[in-house]
Structure formats: structure tokens, C-alpha cells
Amino acid sequence: MVQYSWRGRFADADVNALHAEGFGHRLLDDGWNAQVERFSLGWVTAVDAGELVGFVNVAWDGGVHAFLLDTLVRADRRREGIGTALVQTAVAGARGTGCEWLHVDFEDHLRGFYETGCGFTPTGAGLIALT
């Protein structure tokens, strides 16, 4: 049974492994705990039998806007509803802090997940690549 926790405990190594798998890059040694404690409104962990199977970061502007970042589900656990439950928990957590808006950017192949599965409304947005 997967347990979802707003601002749940996690090991940096576990999020680094999820991130490398989810975004297709080499395994890093980033300090996720320090990063989210310093910069994030919150985050959600999905833990099953003591193992981290999902994670999402909720950044914010210090006011009423929050932003989903790094929605991750372990590859062997995808299509079980874990991603949707992560986002639902993030929505509830952000709402509970008094935020009024939750934004998300996503690649086109994830449109159905975010719009149909999670209830996001499409909006116009702009992007500048800085690298």
C-alpha cells in the first residue's frame, strides 16, 4: 500500500535515483533535502514497503503561486495511479498553505496525464532557453 506524505521524509540518494531514471541522465549526488527545505513550499513522497516509488516538488514564489516540478514515479511502478495521487496530494498541500494557483509545465506527451488525469486547465505560456 503506497503512503503519500506532504513534506515526507526521504533519502537524497533515492530522489537522485528517481530523477536519473525519470529524466534519463547519469546518477547525481544532489542534496535534495537541503534544496527543498530551502526553496520549496513542499513536496510529496510516495513510499511503498519502505521504498520511495514517487516524488514531486512544489516550488513557489513566496506568495500565492506554486509550481509543480520533477514529478517522478519509479519506472516499474508507472501506470498504477501513483503519479496522479502524488499530484492530488500536492494540490491539497499547496491549497492548505493558502496558495491560490498551482502551475505546471510539461512536454506534449504528458498533456493527457496533467489535463485529463490531474485536472489542470491548459493555458498559454512562454519559455526562454537559458542554456
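Just above sits the structure.
All values derive from a computational prediction rather than experimental measurement. (Residues numbered from 1 in each chain as written. Predicted model: local features only at pLDDT ≥ 70, side-chain atom pairs only at ≥ 80, totals over all residues. Heavy atoms only, no water.)

(A) Region of the structure containing the pattern of salt bridges. Under the criterion given, the structure shown has 7 salt bridges. Note that Arg77 and Glu80 form a salt bridge whose closest N and O atoms lie 2.9 Å from each other. A residue is classified by how much of its surface remains accessible, and Arg77, at 14% relative accessible area, is buried. Residues Glu115 and Arg111 are paired through a salt bridge, measuring 2.7 Å at the closest nitrogen-oxygen approach. Here the residue Glu115 and the residue Arg111 both occupy positions in helix H4 (residues 111-117), the gap between them amounting to 4 residues, near one helical turn. Given a relative accessible area of 35%, Arg111 falls into the partly exposed group. (Salt bridge = Lys/Arg side-chain N within 4 Å of Asp/Glu carboxyl O. Buried < 20%, exposed > 50% of the residue type's maximum accessible area, 1.4 Å probe, protein only. Helix = DSSP H or I, 4+ residues; strand = E, 2+ residues; numbered from the N terminus.)

(B) Just helix H3 (residues 82-96), in detail. Compared with the 21 Å implied by 1.5 Å per residue over 15 residues, the 21 Å span of H3 between its first and last C-alpha is a close match. For H3, the complete set of buried residues consists of Ile82, Gly83, Ala85, Leu86, Val87, Ala90, Gly93 and Ala94. Where H3 is buried, its residues touch strand E1 (3-6), strand E2 (40-48), strand E3 (51-60), strand E4 (65-73) and H4. Within two residues after H3, Gly98 carries a phi angle of roughly 95 degrees, on the positive side. (Expected span 1.5 Å × (residues − 1). Contact = heavy atoms within 4.5 Å.)

(C) Representation of the pairing of E3 in the model. Where burial is concerned, most of E3 is hidden: 8 out of the 10 residues are buried. When E2 meets E3, the two strands line up antiparallel, connected through 8 bridges. The residue bridging Asp48 from the neighbouring strand is Glu51, located in E3. Hairpin connection from E2 to E3: 2 residues lie between these consecutive antiparallel strands, with Ala49 at a positive phi of about 50 degrees. Examined bridge by bridge, E3 and E4 share 6 bridges and lie antiparallel to one another. (Pairing = 2+ DSSP bridges.)

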